[in-house]
Protein chains: 2
Amino acid sequence: MNGADALCDTLLANDVKVCFANPGTSEMHFVAALDRKPEMRCVLGLFEGVVTGAADGYARMTGRPAATLLHTGPGLANGLANIHNARRARVPMINVVGDHASYHLPFDAPLTTDIDGLAAPMSNWVYRISGPADVGPATEAAYRASLVPAGIATLILPADAAWGDAAAVLPNKVVLPAPPTVPTDRVRGIADAIRGAPGRVGILVGGTAAQPDGLEVAGQIAAARNVRLFGEVGVARMARGAGRVAPTRIPYPIDAAIELLSDIDVLILVGATEPVAFFAYPGKPGRLVHNDCRVMALATHGEDLRGALEALRDELGVKRTQSPLRSSAMPDEPVPTGELTDDAIAVMVARKLPENAIVCDEAITSARRFFALSAYAAPHDFLMTTGGAIGIGIPLTTGAAIACPDRKVFNLQADGSAMYTLQGLWTQARENLDVVTIIFSNRTYAVLHMEMQKVGVGKIGENARRMLDLDQPSLDWVAIAKGMGVEAARVSSCEQFDDLLDSVLKRRGPFLIEAVI
Amino acid sequence: MNGADALCDTLLANDVKVCFANPGTSEMHFVAALDRKPEMRCVLGLFEGVVTGAADGYARMTGRPAATLLHTGPGLANGLANIHNARRARVPMINVVGDHASYHLPFDAPLTTDIDGLAAPMSNWVYRISGPADVGPATEAAYRASLVPAGIATLILPADAAWGDAAAVLPNKVVLPAPPTVPTDRVRGIADAIRGAPGRVGILVGGTAAQPDGLEVAGQIAAARNVRLFGEVGVARMARGAGRVAPTRIPYPIDAAIELLSDIDVLILVGATEPVAFFAYPGKPGRLVHNDCRVMALATHGEDLRGALEALRDELGVKRTQSPLRSSAMPDEPVPTGELTDDAIAVMVARKLPENAIVCDEAITSARRFFALSAYAAPHDFLMTTGGAIGIGIPLTTGAAIACPDRKVFNLQADGSAMYTLQGLWTQARENLDVVTIIFSNRTYAVLHMEMQKVGVGKIGENARRMLDLDQPSLDWVAIAKGMGVEAARVSSCEQFDDLLDSVLKRRGPFLIEAVI
């Protein structure tokens, strides 16, 4: 048994059984080891941004890490943007980055890079394996680091550690501690603050607090104590749909966010961080709450979020039988007709969403209505970008579909962002994943046009226009999808879209809709 | 005038007049400033790997830096793999990376990242601008750092430095020192070593030593003193073709490289570093020369390479009128027929290459014959990947074509590598660049199959095969190209390829040939 075998065995012993991969020469022994373990599912991405974004999607839907297999510094670099998003989503991930044999590094061969330095900014934990005997303990440590608390563990695997003899290494199942319970004092202090600001309290939920059980308890508190519920600007995952408790998402545009939070005097954080402006704008504040607002963390990432909400509920004297305020079924929304718009697509998708679907929103400026409507749609999981690095939608839905093969996955996808990691369509085809990608084809970085206005640029000239618009030539998404083995169709009216949606809902496997808006 | 204007003006004052860009919100003031400078050519890439690879191609063909415009840490991260290649090619580049306003960083907004940390591993120089008044001096310093010696200068531009008042900043033209002349002692020592090892001396040329003037002098020494000439494993740029001096490139496969250098007792480096094994292989050495070989640097990157070769020639008593050994015209090579192979493509392209073309080779295992044949083709420039990060061909040829609008550009492109930065095809279409991309469509990472053999894996199972092969489904490159606005055709016989090449040579503008091999 060599080091690479020990790595695979330790991953498998800890139920890490999916490896999103784009290997290179320095990882050939690891590939050979994976080849000896048919119980490890290896999923190839044709670019590392696909690999890491898919691992994020897998983690969001399972709460468990996938492994990624990346080739030296450049391979890691290609995956960093989506690792950044995953870190902001606070999900577990184990990146295995192959490096040269340790004795080869002093030669400064062409691919030699400072992998440790590259990994650090986007990782919660980085470790370079010292030799074959270290592979087992290091992999156990990586597994632990990826889950306590959930985060990005990056393990650098020199080729000689992979190919060296590791006969003595026994794969161990790692015992993880339960998430810490929050101290009673903290709960009491927050309960007091809530009592002291009636009608002016908000609870901001993230992590598992945004999943059904957590939302249910937060909803009980909200209903009984007149507290408002909020979701983060970037929602990693939230249970949505009719019959569920429906927090209001803090909007991305700064003025709307400030307005939403303007009458909140106490903001309670549960698995979330204080909301701040996505970008700085001249003359506008960085914090979104007003200056006199008390921001209090009930439970931070890694603590027992649901337990903390239950403790707060009990401390506030809210009955365990208290009914939360739940979303009703879809309100009577007229069926859109005529020219296709992003709003119309949001309405049509929300109306026909099948139960237990997964919806990823990387539509950026488009489909902003979807989140509000999703409260009334059939119960589903909602995912979106968390770190602001574009190019997550196609990979994230790829990983979510690997994690949940029986659930229909929808990707509401801006065209400019889709171009970043379009290679993921091929993986969807190869793995025959049940993902419907809806490209909002507006042929522009619309968010940047909006931002140009915000910074006070009124009229846009040729140099700027050519950097903000994706026209000349227009992208043909039907051809691009076909090129990667994904069936696709283009629609430009509401009627066409609705009809196509019906037929797509009756089939399985990847499909791309180019929605010309 | 704000800081962003000062940045543009300083770039333009120093003749940096092409900006490859993919901007985001934090760079809106820079985009607005570019909009006020129509003399700056802004070229949009739909992914940052395209942006940085194009800047590399531009620099290789002009010897001058282009600017890149990248959005915060993730935008930089997406561009790092090709920055790594550019650093290994020792070309000038000025990366402008936008960041949050400095006062916004403590809020740790979603896109906040350690840009300095990310930039360092792949940059020769990194600097964070301290405020609007610092923009001018910092940009001058970046320009200098990109050229003395040529390398990667990364300039971090906080949004408040871009939008702040910089009325007092005057754009300066930077005066650069001439490259240092090499000391006479060094030249004499090397001349002595050459005299002491007749028939067992090699000169390894890189940088400008691989351009016509440098090759000519190296060729004089080689002809008069029985010295062999070598090119680096990764050739950044070399003048090739009939009538020129033709060094032998050190091959990538380690056994062939060691064999080639086995009878060299003195290896003289001119603008190159000592050749080492691309990867470590168990039981094989890291150095490619034998243990008793003396490796001597005549001139290192940044020194006057041509001057050093001239001094060495004179020191050796070689006449200035000495004729070098030049390549003849194309030998009588039979026209390939029948089923298309990578070798056949190399022959057909070499035969019909138009004069003054630019050829980029990212065909990896395919088209290995091309370099040898290129000695006999019409005079042209040859470029290839230098750092081993795949995904350079499409961006590099994009930048080369921007630099040299009157020259036909050919890209010999492996399919797996093409997928990494395929977005560059769209830029070729938008800018109507005269680039012919030849996809060697073998539907596999063939190099990895080869490497699996080298590490001793005989039979490949399902898990490994699925990580090494790009089949199921096959990529349809004609559809992918069409999707990005590039005309394309598929061929699978030599006759079809040769006919298509004829018609492609008669037209201008981007074209993609999917060569099924």
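In this text the structure is predicted, and so the values were computed from the model without any measurement. (Residues numbered from 1 in each chain as written. Chains lettered and ligands numbered in written order. Predicted model: local features only at pLDDT ≥ 70, side-chain atom pairs only at ≥ 80, totals over all residues. Heavy atoms only, no water.)

Caption draft 1: Summary view of the interface of chain B and chain A. Between chain B and chain A, the contact holds 98 residues from the first and 100 residues from the second. Of the roughly 8100 Å² buried between chain B and chain A, counting both surfaces, carbon and sulfur atoms make up 65%. Linking chain B with chain A are eight salt bridges. The closest approach of N and O atoms between B:Lys482 and A:Asp476, which form a salt bridge, is 3.3 Å. Scanning the region where chain B abuts chain A turns up 50 residue pairs in polar contact (both at pLDDT 80 or more). Elements supplying a minimum of two residues to the side of chain B that touches chain A: α2 (28-35), β2 (41-44), α4 (72-89), α5 (115-119), α16 (424-430), α17 (446-454), α18 (462-468) and α19 (477-483) of chain B. Ranked by residues supplied to the side of chain B that touches chain A, first place goes to α4(B) with eight residues. A class-by-class count of the residues in the side of chain B that touches chain A yields 55 nonpolar, 25 polar and 18 charged. (Contact = heavy atoms within 4.5 Å. Buried area = accessible area lost by both parts, 1.4 Å probe. Salt bridge = Lys/Arg side-chain N within 4 Å of Asp/Glu carboxyl O. Polar contact = N/O pair within 3.5 Å; in protein donor to acceptor, adjacent residues only side chain to side chain. Helix = DSSP H or I, 4+ residues; strand = E, 2+ residues; numbered from the N terminus. Nonpolar A, V, L, I, M, F, W, Y, C, P; charged D, E, K, R; others polar.)

Caption draft 2: Spotlight on the domain arrangement of chain A. Residue and element names in this part refer to chain A. The assigned domain composition of chain A is domain 1 (3-163), domain 2 (184-315) and domain 3 (342-516). Summarising the inter-unit geometry, the C-alpha centres of domain 1 and domain 2 are found 34 Å apart. Counting residues at the interface gives six residues for domain 1, matched by 10 residues for domain 2. Across the interface of domain 1 and domain 2, roughly 630 Å² is buried in total on both sides, 49% from carbon and sulfur atoms. For the pair domain 1 and domain 2, the number of links is one salt bridge. (Domains from an automatic or database assignment.)

Caption draft 3: Up close: the sheet that holds strand β9 (residues 238-240) of chain A. All names here are of chain A. Read across the sheet, seven strands follow the order β9-β14-β13-β15-β16-β18-β17 without closing on themselves; strand pairing throughout is mixed. The open sheet has two edge strands with one neighbour each: β9 and β17 (487-491). The mean inter-strand angle of the sheet, taken between neighbouring strand axes irrespective of direction, is 20 degrees. Where β9 and strand β14 (residues 380-384) come together, three bridges link them in antiparallel fashion. For methionine 238, the partnering residue across the bridge sits in β14 and is phenylalanine 382. (Pairing = 2+ DSSP bridges. Axes fitted to C-alpha atoms, helices over the stretch in contact; angles between N-to-C directions.)

Caption draft 4: Fine view of the UniProt feature "domain: Thiamine pyrophosphate enzyme N-terminal TPP-binding" (unreviewed entry) in chain A. Per the UniProt annotation, the sites labelled "domain: Thiamine pyrophosphate enzyme N-terminal TPP-binding" (unreviewed entry) are residues 1-106 of chain A. Overall, residues 1-106 of chain A shows 49% helix and 19% strand. The separation of its end C-alpha atoms is 28 Å. (UniProt positions renumbered as here; feature names shortened; annotations may be inferred.)

Caption draft 5: Highlighting the state of the cysteines. All names here are of chain A. On inspection of all chains with the given rule, the structure shows zero disulfides over all chains. The thiol of cysteine 19 is unpaired, and the distance to the nearest cysteine sulfur, on cysteine 42, comes to 5.2 Å. For cysteine 19, a relative accessible area of 1% gives the class buried. (Disulfide = S-S within 2.5 Å. Buried < 20%, exposed > 50% of the residue type's maximum accessible area, 1.4 Å probe, protein only.)

Caption draft 6: Structural detail: the relation of the copies chain B and chain A. Note on the copies: chain B fits chain A at an RMSD of 0.0 Å, the axial shift is 0.0 Å, and the rotation between them is 180 degrees. The transformation relating the two chain copies, once decomposed into turn and shift, fits a two-fold axis. Mapped onto chain A, 100% of the interface residues of chain B are again interface residues, and the two copies thus contact each other with one and the same surface. (Least-squares fit on C-alpha atoms with pLDDT ≥ 70 in both.)

Caption draft 7: Geometry of the pairing of strand β15 (residues 409-414) of chain A. Residues and elements named next belong to chain A. Along β15, six of the six residues are buried, which leaves the element largely enclosed by surrounding structure. Along β15, one buried face is formed by Val409, Asn411 and Gln413 and the opposite face, lined by Phe410, Leu412 and Ala414, is buried too. Two elements, strand β13 (residues 357-362) and β15, share five bridges in a ladder whose sense is parallel. Directly across from valine 359, in β15, lies its bridge partner phenylalanine 410. Pairing between β15 and strand β16 (residues 435-441): six bridges, direction parallel. Bridged to leucine 412 within β16 is isoleucine 438.

Caption draft 8: Geometry of the UniProt feature "domain: Thiamine pyrophosphate enzyme TPP-binding" (unreviewed entry) in chain A. When the UniProt feature table is mapped onto this chain, "domain: Thiamine pyrophosphate enzyme TPP-binding" (unreviewed entry) is found at residues 377-514 of chain A. Along residues 377-514 of chain A the backbone is 41% helical and 20% strand, and the end-to-end C-alpha distance reaches 23 Å.

Caption draft 9: Region of the structure containing the environment of B:Thr208. Residue and element names in this part refer to chain B. By secondary structure assignment, the location of threonine 208 is in the loop between β7 (201-205) and α9 (212-225). Taking the C-alpha atoms as reference points, threonine 208 and aspartate 304, separated by 96 residues in sequence, lie 8.9 Å from one another. Threonine 208 has contacts with Gly214 and Leu305, leaving out every residue within four places of it along the chain.

Caption draft 10: Examining the packing of aromatic side chains more closely. Per the counting criterion, the structure on display carries 15 aromatic pairs over all chains. What links up through ring pairs into an aromatic cluster is the set A:Phe47, A:Tyr420, B:Phe47 and B:Tyr420. (Phe/Tyr/Trp six-rings, centres within 6.5 Å; stacked < 30°, edge-to-face > 60°.)

Caption draft 11: Focus on the packing of helix α1 (residues 3-13) of chain B against helix α6 (residues 135-147) of chain B. Residue and element names in this part refer to chain B. Viewed as axis vectors pointing N to C, α1 and α6 meet at an angle of 35 degrees, and their least axial separation amounts to 9 Å. Taken as a pair, α1 and α6 cross one another with a handedness that is right-handed. Contacts between α1 and α6 involve Gly3, Ala6, Leu7, Thr10 and Leu11 on the former and, on the latter, Val135, Gly136, Thr139 and Glu140. Split into classes, the residues belonging to the contact of α1 with α6 amount to four nonpolar, four polar and one charged. (Left-handed = near helix turned anticlockwise from the far one by under 90°.)

Caption draft 12: Representation of the sheet that holds strand β12 (residues 294-299) of chain B within the structure. Residue and element names in this part refer to chain B. Read from one edge of the open sheet, five strands run β10-β8-β7-β11-β12, paired in parallel fashion. Looking at the sheet topology across the chains shown, the edges are occupied by β10 (248-249) and β12. Sheet analysis places strand β8 (residues 228-231) next to β10, joined by two bridges and oriented parallel. Bridged to glycine 231 within β10 is arginine 249. Sitting on the sheet, helix α8 (residues 184-195) is in contact with β7, β11 (266-270) and β12, with an inclination near 140 degrees to β12.

Caption draft 13: Quick peek at the pattern of salt bridges. Overall, the coordinates contain 78 salt bridges over all chains when judged by the stated rule. The salt bridge partner of A:Asp434 is A:Lys408, with a shortest N-O separation of 3.0 Å. Taken as a pair, A:Asp434 in the loop between α16 (424-430) and β16 and A:Lys408 in the loop between α14 (393-403) and β15 lie far apart in primary sequence, 26 residues in all. Under the relative-accessibility criterion, A:Asp434 is labelled buried at 7%. For A:Lys408, a relative accessible area of 10% gives the class buried. Across the salt bridge formed by B:Glu216 and B:Arg326, the nearest N and O atoms sit 2.6 Å from each other. Taken together, the residues span a long stretch of sequence, with B:Glu216 in helix α9 and B:Arg326 in the loop between α11 (305-315) and α12 (342-352) at a distance of 110 residues. Taking the relative accessible area as the measure of exposure, B:Glu216 reaches 28% and is therefore partly exposed. When salt bridges with common partners are traced through the structure, they connect A:Arg430, B:Glu462, B:Arg465, B:Asp469 and B:Asp471 into a single cluster.

Caption draft 14: Layout of the nonpolar core. Among the nonpolar cores identified, the biggest contains 175 residues, and A:Met484 and B:Met484 are the most heavily contacted of them. A:Ile156, B:Ala55, B:Ala59 and B:Ala401 belong to the second largest nonpolar core, which has 79 residues in total. (Core = buried A, V, L, I, M, F, W, Y, C linked by side-chain atoms within 4.5 Å.)

Caption draft 15: How the structure looks around the environment of B:Val126. Residues and elements named next belong to chain B. With respect to the helices and strands, the residue valine 126 is situated in strand β5 (residues 125-128). When its relative accessible area of 31% is taken as the criterion, valine 126 is described as partly exposed. When the C-alpha atoms of valine 126 and isoleucine 152 are compared, they prove to be 8.5 Å apart, with 26 residues separating the residues in sequence. In this structure valine 126 touches Asp116, Ala119, Ala120, Thr154 and Ile156, once residues within four positions along its chain are discounted.

Caption draft 16: A look at unusual backbone geometry. Cis geometry is found at the peptide bond from A:Val148 to A:Pro149, where omega equals -15 degrees. Position of A:Pro149 relative to the elements: it lies in the loop between α6 (135-147) and β6 (152-158). Here the bond from A:Gln472 into A:Pro473 is cis, since omega is -5 degrees, no more than 30 degrees from zero. Looking at the secondary structure, you find A:Pro473 in the loop between α18 (462-468) and α19 (477-483). One non-glycine residue, B:Gln472, lies in the positive phi region at around 50 degrees. Judged by its relative accessible area of 44%, B:Gln472 is partly exposed.

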